[in-house]
Amino acid sequence: MSFANETLTDFTDPANVAAYRAALDGVAGQLGADYPLTIGSHQTETGAWIESHNPGRTDQLVGRSAKGGPADIDRALAAAWEAFATWSAEPMDTRVALVRRLADVMRARRFELAAWMTFEAGKNFAEADADVAEAIDFCEYYADQAPLLAGEQETYPRPDESNTSILVPLGAGAVISPWNFPLAIFTGMAVGPAVVGNTLVLKPSPDTPIVAQEFMTCAREAGFPPGVFNLVTGADADIGDHLVDHRRTRFINFTGSLNTGIRINERAAAVQPGQLWIKKVGLEMGGKDALIVDETADLAYAARAAVASGFGFGGQKCSAMSRLIAVDSIHDELLEQFAALTSELEIGPADENPDLSALINERAQAKSLSYIDIGKDTATLVTGGTPGPDGGHYVTPTVFADVGAESQLAQEEIFGPVVSVIRARDFDDALEIANNTMFGLTGGLISNARDRLDRAKREFEVGNLYLNRKITGAFVGLQPFGGLRLSGTTVKAGGPYYLRQYLAEKTISERRLT
Ligand code: NAD
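Bear in mind that the values here come from a model prediction, so they are computed numbers and not experimental data.

### Examining unusual backbone geometry
Thought 1: In this model, Arg485 sits at a positive phi of 50 degrees, which is unusual for a non-glycine residue.
Thought 2: Structurally, Arg485 is set in strand β21 (residues 484-485).
Thought 3: Unlike most non-glycine residues, Thr490 shows phi in positive territory, near 55 degrees.
Thought 4: Structurally, Thr490 is set in the loop between β21 and β22 (503-511).

This is how it looks when you write it as structure tokens:
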């Protein structure tokens, strides 16, 4: 066991900035290419494409990825099951070694992979770099954890019988991933099940197909056998339901929004003709994450933590703070500091390394702007509230005050740079407001009162609770990530129980012959 998180790059060092810019130049020369599906050992074109554009410079084509259809899903599942026969029979050490090699390949291409995310997802340098670092962390951490699940697990002895349990992989599963961590989450969701012997059909978000293609390039370079990872890009309407409904899909590893997750869960429950199992479904979904600040807190620190939590990557993190809950006596002072820092944030194309860039697509921009309209009618606009620069899907970082705890703004996931500041009478009230949501992903408290920090540990109903710090940026292995309530099925990525979910226990009892 040797796991340690990758060090994040220090972009206050000009040499690192120069190296990153060189990587951007290198990737800029590769933009606009066409990419096939990968099904078993075949690279397949389909005659149709999904186009991926830079969200901050929408006239820039990042690349075109083959548009798969239902027949491609059928073929990908067939290839995954064929590969499963040999992949599942490999010794654990062999699979672990390949996953570590994948980490090495990503390490060697760190800035190049990050640069792809700057172009395709609108990540600034630090956000993109952290995404690659996390992908590497998932590989190394799961490579460390997997051997703990190999071999025979002894049960209690019996004089005339040997009893053992072994953990066996489930089969061919689906990875359905979001665009907001197009490498890290995609890699973790693929590599976790694979290292313990499963094979996968990978269906990335149609917003970030090219980063998924880069993952496949890395996996091929690392030497993964054909059929372990099969990539089918395409439109949700063409392939989403088909993959979920398919009788040969053994499990579904999903990260995305609540509505999609619920739909997948419902559809996956149906047993199709010829299906031999109940599908196992793991769901990581949305949040309406709150940071509470009380009257004992260092307000300057709290304001900085709130800005980082609310506006990092434009609020497009499931962990992003969308509610800042301030107790009455410090509310006005905190709001002033928070709004002042927010209004200083720079916004622009991600390759210029601003604080935040464009939202992922037109729909996301329209969604944020529609909530801003709601906020203008129901709350007080303090800063932002406009579309931002031309040329991309921009929304300026926006703060609303006087937001009612039950209002739409305070209850629904916006997934953009829109933060609601909510006034609480006191700490008790603040905690009640924080818990007053259907979600339970991340949350935080900034306070110097020990008893309140302890109460938050017991009573704040979230999967990831952060005390006296920002509420985003979980580290693999240190802070297993995933939510309570409707935020998910407690899959907990990057934690010690993750891999066990892709294994079934098989018990073998043998009577001793005398
Ligand atoms: P989304 O639900 O729109 O899409 C997620 C994935 O589901 C994509 O691959 C998409 O193509 C696919 N999909 C859409 N419709 C489908 C269907 N009918 N059948 C099968 N697949 C379908 O979410 P998104 O916009 O990509 O991501 C943002 C959401 O993800 C936010 O709600 C965010 O909170 C959540 N998220 C959660 C976590 C977590 O760990 N809990 C992490 C990242 C993002």
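### Structural notes on the domain arrangement of the chain
Thought 1: Assigned domains within the chain: domain 1 (14-285 + 490-507) and domain 2 (289-475).
Thought 2: A straight line from the C-alpha centre of domain 1 to that of domain 2 covers 31 Å.
Thought 3: Each side of the interface is counted separately: domain 1 has 24 residues, and domain 2 has 28 residues.
Thought 4: Across the interface of domain 1 and domain 2, roughly 2200 Å² is buried in total on both sides, 55% from carbon and sulfur atoms.

### Regarding empty space enclosed by the protein
Thought 1: Tallying each qualifying case throughout the model produces 2 cavities of 30 Å³ or more.
Thought 2: In this structure, the largest cavity encloses a volume near 100 Å³.
Thought 3: What lines the largest cavity is a set of 16 residues, and nearest its centre among them are Gly315, Lys317, Ala320, Ser322 and Phe415.
Thought 4: Residue assignment for the lining of the largest cavity shows that the elements contributing at least two residues are β14 (321-327) and β17 (418-424).
Thought 5: For the lining of the largest cavity, the residue count by class is 7 nonpolar, 5 polar and 4 charged.

### Brief notes about the pattern of salt bridges
Side-chain pairing between opposite charges can occur once the charged atoms of the two side chains come close.
Thought 1: Taken as a whole and assessed by the stated rule, the structure comprises 31 salt bridges.
Thought 2: As a salt-bridge pair, Asp332 and Arg423 come within 3.1 Å of each other at their nearest N and O atoms. You can see Asp332 sitting in helix α11 (residues 328-343) and its partner Arg423 sitting in strand β17, a full 91 residues away along the chain.
Thought 3: By relative accessible area, Asp332 is classed as partly exposed at 47%.
Thought 4: By relative accessible area, Arg423 is classed as partly exposed at 38%.

### Section: the environment of Trp179
Thought 1: Structurally, Trp179 is set in the loop between β8 (172-176) and α6 (184-195).
Thought 2: With residues up to four places along the chain from it excluded, the contact list for Trp179 reads Ala121, Ser205, Asp207, Thr208, Phe313, Gln316, Ile360 and Phe415.

### Section: the sheet that holds β22
Thought 1: With respect to topology, 3 strands assemble into an open sheet ordered β6-β7-β22, the strand pairing being antiparallel. Strand pairing shows two members of the sheet lacking a second neighbour, β6 (152-154) and β22, which therefore form its edges. Averaged over all pairs of adjacent strands, the angle between their axes in this sheet comes to 35 degrees, without regard to strand direction.

### Side note on the site of the ligand
Thought 1: If you check the shell around the ligand, you find 29 residues, and the closest are Ser177, Asp236, Ser257, Thr260 and Glu413.
Thought 2: Starting from 850 Å² of accessible surface for the ligand in isolation, the protein chains cover 90%.
Thought 3: Those elements giving two or more residues to the shell around the ligand turn out to be α8 (236-245), β11 (251-255) and α9 (258-269).
Thought 4: Among the elements that line the shell around the ligand, the one with the most residues is α8, at 4 residues.
Thought 5: A class-by-class count of the residues in the shell around the ligand yields 14 nonpolar, 9 polar and 6 charged.
Thought 6: Formed jointly, the shell around the ligand draws a minimum of three residues from each of two domains, domain 1 (14-285 + 490-507) and domain 2 (289-475).

### Here's the deal with a nonpolar patch on the surface
Thought 1: Residues Ile262, Met438 and Leu486 make up a contiguous nonpolar surface patch of roughly 230 Å² in combined accessible area.
Thought 2: Along the chain, the position of Ile262 falls in helix α9.
Thought 3: A relative accessible area of 33% means that Ile262 is categorised as partly exposed.

### Considering helix α5 (residues 125-145)
Note that an α-helix has 3.6 residues per turn; residues three or four places apart therefore point the same way.
Thought 1: Over its 21 residues, α5 runs 30 Å from end to end, which matches the ideal 30 Å to within 8%, given 1.5 Å per residue.
Thought 2: Counting buried positions over the 21 residues of α5 gives 19, a clear majority of the element.

### Examining the pairing of β14
Thought 1: With 7 of 7 residues buried, β14 lies mostly within the body of the structure.
Thought 2: As defined by bridge partners, strand β13 (residues 289-293) adjoins β14 across 5 bridges and the pair is classed as parallel. Opposite Leu291, over in β14, you have Leu324 as the bridge partner.
Thought 3: As for the winding sense of the linkage, the β-α-β connection from β13 through helix α10 (residues 299-311) to β14 is right-handed.

About the thresholds
Residues numbered from 1 in each chain as written. Predicted model: local features only at pLDDT ≥ 70, side-chain atom pairs only at ≥ 80, totals over all residues. Heavy atoms only, no water. Helix = DSSP H or I, 4+ residues; strand = E, 2+ residues; numbered from the N terminus. Domains from an automatic or database assignment. Contact = heavy atoms within 4.5 Å. Buried area = accessible area lost by both parts, 1.4 Å probe. 1 Å grid on protein atoms, 1.4 Å probe; cavity = no way out; pocket = protein on both sides within 12 Å on 5 of 7 lines; lining within 4 Å. Points joined across faces, edges and corners; volume = space filled by probe spheres on them. Nonpolar A, V, L, I, M, F, W, Y, C, P; charged D, E, K, R; others polar. Salt bridge = Lys/Arg side-chain N within 4 Å of Asp/Glu carboxyl O. Buried < 20%, exposed > 50% of the residue type's maximum accessible area, 1.4 Å probe, protein only. Pairing = 2+ DSSP bridges. Axes fitted to C-alpha atoms, helices over the stretch in contact; angles between N-to-C directions. Near = heavy atom within 4 Å. Areas by Shrake-Rupley, 256 points an atom, 1.4 Å probe, with all protein chains shown as cover. Patch = residues over 30% accessible without salt bridge, like charges linked within 9 Å, V, L, I, M, F, W, Y side chains within 5 Å. Expected span 1.5 Å × (residues − 1). Right-handed = clockwise from strand over helix to strand, strands pointing away.

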